[in-house]
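Single-letter residue listing:
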Amino acid sequence: MTEHLPFQVMGKPIGPRCNLDCTYCYYLEKENLYPDTKRFNMSDAVLETYIRDYLASQAGFPAREIRFNWQGGEPTMLGLDYFRRIVELQRKYLPRGKTVANTIQTNGTLIDDAWCAFLKDNDFLVGVSIDGPPRLHDRFRTYRNGRPSHDAVMAGIKRMKAHGVEFNTLSVVNRENAAHPKEVYRFLKDIGSTYLQFIPIVERTADGHSLAPAPQIDEDGVSYDVTPWSVLPRGYGDFLCGVFDEWIREDVGRVFVQFFDLQLGLWMGAPATMCWFAETCGQGPALEHNGDLYACDHYVYPEYRLGNIMETPIAEMMGSDAQWQFGLDKRDALPGQCRNCDIRFACNGGCPKHRFARTKDGEPGLNYYCRSTSRFVKHAGPAMKVMADLVRSGRPASDIMELRRTGRLAGPSAASARPGRNDRCPCGSGLKYKHCCGRL
Ligand SMILES: C[S@@+](CC[C@H](N)C(=O)[O-])C[C@H]1O[C@@H](n2cnc3c(N)ncnc32)[C@H](O)[C@@H]1O
Ligand code: SF4
Ligand code: SF4
Ligand code: SF4
């Protein structure tokens with residue numbers, strides 16, 4: 001058996017089954033992978049094998065906590081007894097000296113008081129999918145009959161808050177809500193979310209989505225063969241900058257936005273905390289209901305199936321040449337433009353799933369979101385640099401808000417107005433702009 005790195009599985013104990021039918025959902029179509037399957041619940045035998053083998057596979061690594069991520073489809077459709085069994089099996093097989101943590105990603109519509117009590121008692125961290133206020137959320141997140149889901153999600157969130165269940169929000173950035181960064185951000189704050197994740201959505205028509213009647217044209221006149229709900233690169237960049245401007249004004253250290261957090265880490269030279277921005281990947285396989293293991297949640301396709309946990313130990317599949325190669329390809333397949341990119345440290349070419357654009361020289365393999373990332377880094381880079389310096393000098397990153405209030409630092413909008421090359425850099429470093437953030 002070959003060695004493997006620590007890894008975290010995205011578990012799909014109910015496969016792609018769901019009580020909602022979100023227009024943009026990439027996972028519902030996975031039913032086609034299992035055409036003869038009527039019931040997608042992971043059997044007790046597969047569940048027990050998974051929990052036993054996964055815990056054993058992580059036992060030798062230094063991290064004390066071993067994490068299980070439950071997703072889908074909609075995992076809460078499995079019911080509470082199913083999750084009680086999960087906790088029981090985790091206790092049974094927990095290696096000495098380790099602790100277990102659980103996250104569950106849900107649409108929130110089925111969270112009642114009994115669920116809340118269970119989630120609280122067992123310290124589950126809950127991720128709730130919500131795309132903003134009703135007008136924006138209900139545009140795509142509906143039941144099969146088209147009924148909106150926002151009210152049900154909010155009822156679930158209200159209950160969780162009443163029970164003191166820890167939750168964060170996961171919002172897809174799509175063509176509609178991307179145009180309203182401030183409204184989305186303020187809404188998420190108002191409902192009590194203090195940890196916000198934003199995931200951009202892009203689906204190519206070439207992947208079999210036939211609903212895009214014509215190429216989608218970006219504001220810059222560039223044409224993309226993506227679905228009408230996919231956010232365009234310019235729109236996603238603008239969204240990130242819009243949210244950043246709100247956050248940096250009064251919320252640093254109080255509200256955690258995953259993207260900003262991880263960018264700050266990268267500016268400080270720390271390893272990426274999200275695979276999209278890491279140099280290599282391949283440490284986040286997806287486990288389907290029947291024990292099939294895939295290279296990644298974004299690559300649940302037959303050609304990326306590593307095997308089945310009922311036949312091959314999970315550790316062996318994760319140490320296989322195929323999985324190593326999958327992870328290294330992220331770095332090795334970078335096009336020239338990325339290899340020579342000044343902000344590669346903050347991007348690393350992004351997720352390979354999104355690398356279907358062409359570079360300025362026409363080379364394939366550039367990330368669709370290249371323009372979004374570079375726009376964000378140029379906009380937020382000066383402030384990121386200041387925050388990184390603050391943290392390095394033992395001060396909290398949130399001190400940046402005071403520096404900006406007292407005029408000792410230019411705001412992001414002033415920074416993005418581009419000073420002259422020989423002017424003092426607006427980030428406050430004392431260097432000339434051309435020697436500091438101007439190099440971006
Ligand atoms: C597939 S769902 C499964 C868990 C649960 N049903 C939920 O909605 O949270 C996991 C996350 O993926 C997001 N998602 C769905 N389709 C997507 C797409 N095409 N691109 C990016 N994210 C997507 C959902 O909004 C949700 O936040
Ligand atoms: S609730 Fe989750 S799994 Fe269900 S359709 Fe929506 S995004 Fe997909
Ligand atoms: S910003 Fe663009 S060119 Fe630079 S590493 Fe990212 S995708 Fe590549
Ligand atoms: S393919 Fe994308 S989502 Fe999957 S592990 Fe790599 S970077 Fe992460």
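Computed from a predicted model, the values in this text were never measured in an experiment. (Residues numbered from 1 in each chain as written. Chains lettered and ligands numbered in written order. Predicted model: local features only at pLDDT ≥ 70, side-chain atom pairs only at ≥ 80, totals over all residues. Heavy atoms only, no water.)

### Side note on the pattern of salt bridges
Part 1 of the reasoning: This structure, assessed with the given rule, holds 24 salt bridges.
Part 2 of the reasoning: In this structure, the salt-bridge partner of Arg85 is Glu88, at a minimum N-O distance of 2.6 Å. With Arg85 and Glu88 both in helix H2 (residues 80-93) and three residues apart, this pair spans about one turn of that helix.
Part 3 of the reasoning: Assessed through its relative accessible area of 24%, Arg85 is described here as partly exposed.
Part 4 of the reasoning: For Glu88, a relative accessible area of 45% corresponds to the partly exposed category.
Part 5 of the reasoning: The shortest N-O distance in the salt bridge between Asp292 and Arg305 comes to 3.2 Å. In this pair, Asp292 sits in strand E11 (residues 292-294) while Arg305 sits in strand E12 (residues 305-308), placing the two residues 13 residues apart along the sequence.
Part 6 of the reasoning: Three or more residues are tied together by salt bridges with common partners; here these are Asp44, Glu48, Arg85, Glu88 and Lys92. (Salt bridge = Lys/Arg side-chain N within 4 Å of Asp/Glu carboxyl O. Helix = DSSP H or I, 4+ residues; strand = E, 2+ residues; numbered from the N terminus. Buried < 20%, exposed > 50% of the residue type's maximum accessible area, 1.4 Å probe, protein only.)

### Digging into the nonpolar core
Part 1 of the reasoning: If you look at the biggest cluster of nonpolar residues, it comprises 94 residues, and the most contacted ones within it are Tyr50, Phe83, Phe244, Trp247, Phe376 and Met387.
Part 2 of the reasoning: Here this core takes nine residues from helix H12 (residues 370-392), the largest share from any one element.
Part 3 of the reasoning: Residue contributions to this core reach at least three from each of two domains, namely domain 1 (10-197 + 277-333) and domain 2 (202-270 + 370-410).
Part 4 of the reasoning: Once you skip the residues sitting within four places of it in the chain, Tyr50 turns out to touch Val9, Phe68, Trp70, Leu287, Ile309 and Ile314.
Part 5 of the reasoning: In terms of nonpolar packing, the next biggest core, distinct from the first, is built from ten residues, Cys18, Tyr143, Val172 and Ile201 among them. (Core = buried A, V, L, I, M, F, W, Y, C linked by side-chain atoms within 4.5 Å. Domains from an automatic or database assignment. Contact = heavy atoms within 4.5 Å.)

### What about the domain arrangement of the protein?
Part 1 of the reasoning: Partitioning the protein into structural domains gives domain 1 (10-197 + 277-333) and domain 2 (202-270 + 370-410).
Part 2 of the reasoning: The C-alpha centroid of domain 2 is placed 24 Å from the C-alpha centroid of domain 1.
Part 3 of the reasoning: Between domain 1 and domain 2, the contact holds 22 residues from the first and 29 residues from the second.
Part 4 of the reasoning: Taken together, the two surfaces of domain 1 and domain 2 that pack against each other cover about 2200 Å², and 60% of this comes from carbon and sulfur.
Part 5 of the reasoning: The three residues of domain 1 that bury the most area against domain 2 are Arg175, Tyr185 and Phe277, which together make up 34% of that side's buried surface.
Part 6 of the reasoning: Applying the counting criterion to the domain 1 and domain 2 interface returns three salt bridges.
Part 7 of the reasoning: Between Lys189 and Asp251 there is a salt bridge, and its shortest N-O distance comes to 2.8 Å.
Part 8 of the reasoning: Scanning the region where domain 1 abuts domain 2 turns up eleven residue pairs in polar contact (both at pLDDT 80 or more). (Buried area = accessible area lost by both parts, 1.4 Å probe. Polar contact = N/O pair within 3.5 Å; in protein donor to acceptor, adjacent residues only side chain to side chain.)

### With respect to the environment of Arg339
Part 1 of the reasoning: Locating Arg339 in the fold gives a position in helix H11 (residues 336-339).
Part 2 of the reasoning: With relative accessibility at 42%, the residue Arg339 sits in the partly exposed group.
Part 3 of the reasoning: Residues Arg339 and Cys296 lie 43 residues apart in sequence; the distance between their C-alpha atoms is 24 Å.
Part 4 of the reasoning: Ignoring sequence-local partners within four residues, the contact set of Arg339 consists of Arg331, Asp332, Ala333, Leu334 and Arg344.
Part 5 of the reasoning: A polar contact of 2.9 Å, which involves the side chain of Arg339, links it to the backbone oxygen of Asp332.
Part 6 of the reasoning: At a separation of 3.1 Å, a polar atom in the side chain of Arg339 contacts the main-chain carbonyl oxygen of Leu334.

### Describing the side chain of Gln263
Part 1 of the reasoning: With respect to the secondary-structure elements, Gln263 resides in helix H8 (residues 258-267).
Part 2 of the reasoning: For Gln263, a relative accessible area of 0% translates into the label buried.
Part 3 of the reasoning: For Gln263, the residues in contact, after removing those within four places along its chain, are Phe277, Ala346, Phe376, Val377 and Met384.

### Side note on the pairing of strand E4 (residues 125-129)
Within a regular beta strand, the side chains point alternately toward one face of the sheet and then the other, so they alternate between its two faces.
Part 1 of the reasoning: Counting buried residues along E4, four of its five residues qualify, which places the element largely inside the surrounding structure.
Part 2 of the reasoning: Of the strand pairs in this sheet, strand E3 (residues 99-106) and E4 are connected by four bridges, and their pairing is parallel. Note on E4: the bridge partner recorded for Gln105 is Gly127.
Part 3 of the reasoning: Handedness of the crossover is the feature at issue here: the chain leaves E3, passes through helix H3 (residues 113-121), returns alongside E4, and the resulting connection is right-handed.
Part 4 of the reasoning: Bridge count between E4 and strand E5 (residues 167-173): four bridges; the pairing is parallel. (Pairing = 2+ DSSP bridges. Right-handed = clockwise from strand over helix to strand, strands pointing away.)

### Quick notes on the sheet that holds E11
Part 1 of the reasoning: Overall, mixed pairing links the ten strands, which are arranged E9-E6-E5-E4-E3-E2-E1-E10-E11-E12 in an open sheet. Looking at which strands have only one partner, the edges of the open sheet turn out to be strand E9 (256-257) and E12.

### Details of unusual backbone geometry
Across the chain, the bulk of peptide bonds are trans and the bulk of non-glycine residues have phi less than zero.
Part 1 of the reasoning: Residue Gly73 follows Gly72 across a cis peptide bond; omega there is 15°.
Part 2 of the reasoning: You can see Gly73 is positioned in the loop between strand E2 (65-70) and H2.
Part 3 of the reasoning: Even without glycine at this site, Asp123 takes up a positive phi of about 60°.
Part 4 of the reasoning: On the accessibility criterion, Asp123 (64% relative accessible area) is exposed.
Part 5 of the reasoning: One non-glycine residue, Asn348, lies in positive phi territory at about 55°.
Part 6 of the reasoning: Turning to its location among the elements, Asn348 is positioned in the loop between H11 and strand E13 (357-358).

### With respect to helix H7 (residues 233-250)
Part 1 of the reasoning: The first and last C-alpha atoms of H7 sit 27 Å apart over 18 residues, in line with the 26 Å expected at 1.5 Å per residue.
Part 2 of the reasoning: Where burial is concerned, most of H7 is hidden: 14 out of the 18 residues are buried. (Expected span 1.5 Å × (residues − 1).)

### A look at the environment of Thr273
Part 1 of the reasoning: Assignment of secondary structure puts Thr273 in the loop between H8 and strand E10 (286-287).
Part 2 of the reasoning: With a relative accessible area of 68%, Thr273 lands in the exposed category.
Part 3 of the reasoning: Taking the C-alpha atoms as reference points, Thr273 and Gln258, separated by 15 residues in sequence, lie 9.1 Å from one another.

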